[in-house]
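Working through the structure, step by step
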Amino acid sequence: MDAVMQQAVVLLAGWSSGISVYLTVALLGLSGRFGWIDLPSGMDPLTHPLIIALAILVFAVEFVADKIPFIDSAWDSVHTFIRPLGAAGLGAMAGTQYGPLAQTGYALLSGTIALDMHAVKASSRLAINTSPEPFSNIAASVAEHSLVIGVFWLFIKHPYLAVGVILLILVATYFFLRMVWGFVRQLFRRDKKPAVS
């Protein structure tokens, strides 16, 4: 596997892990097992049927939890650590054949991208939870998981186009997180204003 495609797989793994690390492991495992994606040799353990089955099982739990208001935010808060660490682990696996330096670089890249996507997912779901009806939650969850599956499919068919889509999404997340941060600061400023008697 050439270095460019290896880095593309690391980018894909990091981005999708920020949304669902379990779905990512399952899709990488299936893609490698059936030859849809040429995985780096360090990722070969992901193609084992037991790893794929375990990832699908935990993803099934996440799939349900992610659609229940406030349960999804509790799940996200726990996964603030799990998603970036899982992505970093995948990055380290991808760099195995190039040694510790590449492993560390890939782990940092993948983990940072996952943290960015996780921040977008968690903050947008918190905002959605302010709505009393559950349907927006379900729609957001289905859209997130569909996006991951769609980008994996695009990566299988047109890897460079998929990389372009991921990079565009990552640029958009920068502006989204700035907007969210500005909104949060305004809320805190409002809370600090003295009450008018």
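Note that the coordinates shown come from a computational prediction; the quantities given were computed from them, not determined experimentally. (Residues numbered from 1 in each chain as written. Predicted model: local features only at pLDDT ≥ 70, side-chain atom pairs only at ≥ 80, totals over all residues. Heavy atoms only, no water.)

Another point: the overall build of the protein. Scanning the protein from N- to C-terminus turns up 7 helices and 0 strands. Order of helices (α) and strands (β) in the protein, N terminus to C terminus: α-α-α-α-α-α-α. The C-alpha radius of gyration of the protein comes to 18 Å, within 12% of the 16 Å expected for a compact globule of 197 residues. Dimensions along the principal axes, computed over C-alpha positions, put the protein at roughly 70 × 35 × 25 Å. With 197 residues in all, the protein has 43% of them scored as buried. Intrachain contacts of the protein at a sequence separation of at least 6 include 72% that bridge at least 24 residues. Of the roughly 10,500 Å² of accessible surface on the protein, 76% is carried by carbon and sulfur atoms. Looking at charge distribution, the protein has the averaged site of its 12 positive side-chain charges lying 11 Å from that of its 11 negative ones. (Helix = DSSP H or I, 4+ residues; strand = E, 2+ residues; numbered from the N terminus. Rg over C-alpha atoms; globule rule 2.2 N^0.38 Å. Buried < 20%, exposed > 50% of the residue type's maximum accessible area, 1.4 Å probe, protein only. Contact = heavy atoms within 4.5 Å. Areas by Shrake-Rupley, 256 points an atom, 1.4 Å probe, with all protein chains shown as cover. Lys, Arg positive; Asp, Glu negative; His and termini not counted. Charge placed at Lys NZ, Arg CZ, Asp CG, Glu CD.)

The next subject is the side chain of Asp66. With respect to the secondary-structure elements, Asp66 resides in the loop between α3 (49–65) and α4 (71–94). Asp66 gets classed as buried once you look at its relative accessible area, which sits at 1%. Here Lys121 takes part through its side chain, which lies 3.0 Å from a polar atom of the side chain of Asp66. There is a polar contact of 2.8 Å between the side chain of Asp66 and the side chain of Ser141. Once residues within four sequence positions are removed from consideration, Asp66 is found in contact with Asp72, Lys121, Arg125, Asn137, Ser141, Glu144 and His145. (Polar contact = N/O pair within 3.5 Å; in protein donor to acceptor, adjacent residues only side chain to side chain.)

With respect to the helices and strands, the residue Ser141 is situated in helix α6 (residues 135–157). Judged by relative accessible area, which is 0%, Ser141 ranks as buried. Dropping the residues within four chain positions of it, Ser141 is found in contact with Asp66, Lys67 and Arg125.

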